[in-house]
Number of protein chains: 4
Amino acid sequence: MVSARGARALLSDLVSSTSPVDPTHLVLTLSCPDRPGIVAAVAGLLAEHGGNITESQQFGDPLSGLFFMRVQVTTDVPVTQLRADLTRLAARFEMAWQLDVAGRPVRTLVMVSTTAHCLNDLAFRQRSEALPIDLVAVVSNHDLLRPMADFYGIPFHHVPVTAATKAAAEEQLLALVEELDVELVVLARYMQILSDDLCRRLQGRVINIHHSFLPSFKGARPYAQAHQRGVKLIGATAHYVTGDLDEGPIIEQDVERVDHTHAVQDLVALGQDVERRALARAVRWHAEHRVLLDGNRTIVFR
Amino acid sequence: MVSARGARALLSDLVSSTSPVDPTHLVLTLSCPDRPGIVAAVAGLLAEHGGNITESQQFGDPLSGLFFMRVQVTTDVPVTQLRADLTRLAARFEMAWQLDVAGRPVRTLVMVSTTAHCLNDLAFRQRSEALPIDLVAVVSNHDLLRPMADFYGIPFHHVPVTAATKAAAEEQLLALVEELDVELVVLARYMQILSDDLCRRLQGRVINIHHSFLPSFKGARPYAQAHQRGVKLIGATAHYVTGDLDEGPIIEQDVERVDHTHAVQDLVALGQDVERRALARAVRWHAEHRVLLDGNRTIVFR
Amino acid sequence: MVSARGARALLSDLVSSTSPVDPTHLVLTLSCPDRPGIVAAVAGLLAEHGGNITESQQFGDPLSGLFFMRVQVTTDVPVTQLRADLTRLAARFEMAWQLDVAGRPVRTLVMVSTTAHCLNDLAFRQRSEALPIDLVAVVSNHDLLRPMADFYGIPFHHVPVTAATKAAAEEQLLALVEELDVELVVLARYMQILSDDLCRRLQGRVINIHHSFLPSFKGARPYAQAHQRGVKLIGATAHYVTGDLDEGPIIEQDVERVDHTHAVQDLVALGQDVERRALARAVRWHAEHRVLLDGNRTIVFR
Amino acid sequence: MVSARGARALLSDLVSSTSPVDPTHLVLTLSCPDRPGIVAAVAGLLAEHGGNITESQQFGDPLSGLFFMRVQVTTDVPVTQLRADLTRLAARFEMAWQLDVAGRPVRTLVMVSTTAHCLNDLAFRQRSEALPIDLVAVVSNHDLLRPMADFYGIPFHHVPVTAATKAAAEEQLLALVEELDVELVVLARYMQILSDDLCRRLQGRVINIHHSFLPSFKGARPYAQAHQRGVKLIGATAHYVTGDLDEGPIIEQDVERVDHTHAVQDLVALGQDVERRALARAVRWHAEHRVLLDGNRTIVFR
């Protein structure tokens, strides 16, 4: 017999690459209509607060006319003062902005059905590779993966879904999201389609891993479709979920080489590696505030 | 002033990795309904002719019920005798088969429009990387790439195409194919659609490079479509041409990572590398008799 | 509280891609001095036993003069008869050969220290991706990973190693290998060097994952060396262990792109992915009898 | 007969992705000891000159304590004024800095011996992929590649090298570098070792492509070494040349998968693709002022 608590305790000893979060190390992300002087204004404001910029990226999209920026900065000035000054600056430049402590674990809820590889991968990376998420719940329409959630010490919620109970199940999910202060929902091979309404309410906070190289092979059984078409690479796509199925903004994609000897079930097995890789990167970049939305496209400041 | 002939002579000095073709080194490819004893029968026949098998691959497709095999063999027995015996064996097993000298350059006609990278790549690899093709003609609906064909010493045929002249232009192409004993036609970014009739007549002998990761972004301007969709990888697909546009059997695919900073014209430039890589591999495998057709899928014995 | 047994039971429900092992589906591997007639003799013998070849690969190494072959075959003839006939054939061709049931799980012992990613990966793939191994023991010089072994239901043996106890520890390992009929030992980031004597006694049966792109950065702290040198790709190497440290035959290598922003600990974290990927492939190919030794090089019939 | 001039003229028609260089679009690169306020000071200065920042990257190296920055900016203010103000700022922060027109072609001299693929690739990309270099000379110790230089319209200088003439040959090279205002020398598979003195005099301005995955297989015949060791990936390394052979700062590396079927000459042929890819990227990044030196490591602002 093994206690989940013991397992958790021991596993957390394994974490070697994480450093404790430093509350004076901040990450600022912003977007606004592009015009001269934005960088100077932002960098100037940070300098006035004694800020030392440790990382900074920006992008002006000539198509949308929008400017995007991500800055990591260390400062000893209280964050409240900085927020107040940023609010003033934002008004001047019509900025949407967000300020967070760099590396603060994002409160994350993972939804699964019966396939374990993505959940196992995220939970393992959270511990051993300093993936900055806090796994506050696993929600599943099946009970199968409860032992894995238990092993990693994540509360498991079995929320069955049928046509009749779907609306209630989504209410239950939303209640959990609220109660647990969930910031990010990850569909880690969750085989139910979320309602339009739910997609809208959680917009920009739900990441799905689709087991194809979108936009190829939308819909059901993408590996069977890929096999049928005889492609030489299979892929996976991590994207934000929108009401428009399989059409949400793409965050990351990856591929794996296949050949004629691979049957559909081989593609499924090979695909597990691609899926978890692409998903883990997308979750990391989101949690590190590296992903900004530019219409239906993403800016990823890697 | 440089003479094309001088350039050709000097460039051919560069070829270091080619060995002269050895007429006793043969490559046999075959397919037939799967059943026990095929390998034993083929290997036995080759052994009776003093054959030494240097490379051999096979695949039984459980879906189509077909068996595919490729054997490289050295033998001192005259090929005519071997052909006669193979004919008998083939009748017994209902085999389709082909016997050729390994590494014999395949007589190849390249079709281009105004983009040079695929032509330059094929011509260069033919010389410096022992790509086993003989470039017997470049056919183009524009005159722009004539100097490049001249440089590599390949006869250039300018065959303009308009709606009115399309049928005549295709007749001219077929005449060239016949006259020059062309075995392989490569559409190296040729921006005209071949007629159904032409596709049928040259079936299995025309390779196209499509500038997208098929089946994504079929049709026109795939890089613009890819940019619009915000994909994180762009790709290219080398496939046999069939009457069903962009649906022919895929031989090879490759991808390249892109991000939000790439405008459409950047994707076009990056794509050149992927296109020429995928095309060069497909042409090499075809010319080395490594590609066999299994319905609309390809077996590639790499 | 979760019982390991329950976890194991539930996890084994996850296995979807495995088929039960078919005792009439065999895999034959062999090597011998190259000469004409080998394939015909082998294929002929198999045909006489009603064998249907489902997969076959071969390679003649012009440097060593050796011929290598791997055949998968289905046959209803009793294996004992086949073995007897193969023994006669082997004598005639001076063959080393091995016959096994295809997909039979290879009895595997995994050695770890304090890093969990390779163990977690192998154990997970064994369940969810039909990696054909049977994990009969985890041996560690630390007690840290016991909960993970427990979770996956693998007996855990804590065998501490000091300079004084090293010989005794190796005796203990050898006793386990014998007692458990271990066929394969995997050093999954085991941070002790095996003695020459042990290497010799387990020759060809021990696979190590080295956390560098060998032969670069041999010895200790390869990621620190890689960072110091400013390389743009880091890698990992799965190889058979020999007495000559870091010089054993390479089975598989893989790389990951890095840049100037990655500190040493980032390379360590990124490297985990490359290590487990390369190791999992090497273990799979070994377990499927796809790896043959050709001096200090490997033939991998993928 | 084809005239080089005609070829050049026609080829330059192919250029579709290049835009004419915009003299008001500048790129500023700088490095200095890290401290708060650098970005604010630089961005502020640029804003005072009406500058609009279109791209900006920075990196503070915790090991060397140095800060690196690259900014692209459009401004209508005369560059002379900007230079004067930057000089003052640089004094205050102990900055090394460089200001250039973005996309201005860098005057480049390519050195070759008898292998054409890197020269062909650079010359082709210069035309068709907007690689921002101006190929002002090809220098070779052989006469073999003259026709290729002629085809691309690049003056060819045959400078034979023997032990006796080496010093004189290097003087001749330096004279060319001076006379032609050469900014970048590319060793595109040039098979002579430059003297220490020459390396020092051209420091940071010479890029070499090494045909191995450094630091593996330094010295002669790397592909033969790689084959001997039985590696599963071969690679190439583009690096700045220093007096310390094969130890200069690495700019880019890439790899290609190989297996047991590849003989040494196959590795050489496959390696051509990796070499030219890695070299082309390194040359592009250098020419776009994306590569900064941080001791023996490079910062690459891609």
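Looking at an unreviewed UniProt entry, one finds chain A named Formyltetrahydrofolate deformylase, with Cellulomonas wangleii as its source organism. Within the UniProt record for chain A, the comment given under Catalytic activity (unreviewed entry) is "(6R)-10-formyltetrahydrofolate + H2O = (6S)-5,6,7,8-tetrahydrofolate + formate + H(+)".

Considerations on helix 8 (residues 222–229) of chain D
Along an α-helix, residues three or four apart share an orientation, since each turn contains 3.6 residues. Of all eight residues that make up helix 8 of chain D, six are buried, and the element is covered over most of its length. Here helix 8 of chain D has its buried residues at Pro222(D), Tyr223(D), Ala224(D), Ala226(D), His227(D) and Arg229(D). Of the surrounding elements, those touching the buried residues of helix 8 of chain D are strand 11 (250–257) and strand 13 (297–300) of chain C together with strand 9 (206–210), strand 10 (233–240) and helix 9 (264–287) of chain D. Positive phi appears at Gly230(D), one or two residues downstream of helix 8 of chain D, with a value of about 75 degrees.

Describing the UniProt feature "domain: ACT" (unreviewed entry) in chain A
As annotated by UniProt and renumbered to match this structure, "domain: ACT" (unreviewed entry) occupies residues 27–106 of chain A. Between the end C-alpha atoms of residues 27–106 of chain A the distance is 13 Å, and the span holds 32% helix and 41% strand.

A look at the interface of chain A and chain B
At the interface, 34 residues of chain A touch 34 residues of chain B. For the pairing of chain A and chain B, the buried interface totals around 3,000 Å² over both sides, and the portion due to carbon and sulfur atoms is 53%. Per-residue buried area on chain A facing chain B is highest for Arg229(A), His260(A) and Arg297(A); these three make up 26% of the total on that side. Applying the counting criterion to the chain A and chain B interface returns four salt bridges. Glu252(B) serves as the salt-bridge partner of Arg257(A), at 2.9 Å between the closest nitrogen and oxygen. Across the contact surface, chain A and chain B share 19 residue pairs in polar contact (both at pLDDT 80 or more). Of all the secondary structure elements, the ones that give two or more residues to the side of chain A that touches chain B are helix 8 (222–229), strand 11 (250–257) and strand 13 (297–300) of chain A. Looking at the side of chain A that touches chain B element by element, the count peaks at seven residues for strand 11 of chain A. The residue makeup of the side of chain A that touches chain B, split by class, is 14 nonpolar, 10 polar and 10 charged.

Parameters and conventions
Residues numbered from 1 in each chain as written. Chains lettered and ligands numbered in written order. Predicted model: local features only at pLDDT ≥ 70, side-chain atom pairs only at ≥ 80, totals over all residues. Heavy atoms only, no water. UniProt positions renumbered as here; feature names shortened; annotations may be inferred. Buried < 20%, exposed > 50% of the residue type's maximum accessible area, 1.4 Å probe, protein only. Helix = DSSP H or I, 4+ residues; strand = E, 2+ residues; numbered from the N terminus. Contact = heavy atoms within 4.5 Å. Buried area = accessible area lost by both parts, 1.4 Å probe. Salt bridge = Lys/Arg side-chain N within 4 Å of Asp/Glu carboxyl O. Polar contact = N/O pair within 3.5 Å; in protein donor to acceptor, adjacent residues only side chain to side chain. Nonpolar A, V, L, I, M, F, W, Y, C, P; charged D, E, K, R; others polar.

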